[in-house]
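# Observations on the three-dimensional arrangement
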Amino acid sequence: MFSSDKNIEIIGQLVKLLKHSIGLQGEYLKLDVMEKTVRVITALLLFAILTLIVIAILFFLSLSAALAMGQAIGYPAAFGIIGAFYIVIFILFAIFRKSWIEKPLIRFITNLLME
């Protein structure tokens, strides 16, 4: 039954199709990894750009607030109050970093890579 030429030809075609299918799956995997890498790099660049913009905004807002308060309470005290405000924010971020930063970031990257 297996010795007929037709059966051997069919088995040969099946092997050829299987090799082709494995090759296509490999190409799909490469494209999928490349797409996910590009998505992560894009997200990181967007985050970096937005972070720089927010830092610039906070800098100018802090400077204007300190200068406005400086006229009423003196410039050293005004800049001290703004500095203390940022120290309090830093401490809050340090305390709540897991719930405010780590968990949302892990969730975002996981959702990005699982799509």
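Notes on the structure follow. The structure presented is a predicted model; accordingly, all values stated were derived computationally and were not measured.

A word on the pattern of salt bridges. Evaluated as defined, the whole model comprises 5 salt bridges. Its salt-bridge partner being Glu35, residue Arg39 comes within 3.6 Å of it at the nearest N-O pair. With a gap of 4 residues between them, Arg39 and Glu35 both fall in helix 1 (residues 5–73), about one helical turn apart. Residue Arg39 is classed as partly exposed on the basis of its relative accessible area, which comes to 28%. With its nearest N and O atoms 3.9 Å apart, the salt bridge here joins Glu102 to Arg97. Residue Glu102 is classed as partly exposed on the basis of its relative accessible area, which comes to 33%. When its relative accessible area of 43% is taken as the criterion, Arg97 is described as partly exposed. Salt bridges sharing partners connect three or more residues here, namely Arg97, Lys98 and Glu102.

To continue, consider the environment of Tyr28. In this fold, Tyr28 is placed in helix 1. With relative accessibility at 59%, the residue Tyr28 sits in the exposed group. Remark: the alpha-carbon pair of Tyr28 and Ile55, spanning 27 residues in sequence, is separated by 40 Å.

Definitions and limits used
Residues numbered from 1 in each chain as written. Predicted model: local features only at pLDDT ≥ 70, side-chain atom pairs only at ≥ 80, totals over all residues. Heavy atoms only, no water. Salt bridge = Lys/Arg side-chain N within 4 Å of Asp/Glu carboxyl O. Helix = DSSP H or I, 4+ residues; strand = E, 2+ residues; numbered from the N terminus. Buried < 20%, exposed > 50% of the residue type's maximum accessible area, 1.4 Å probe, protein only.

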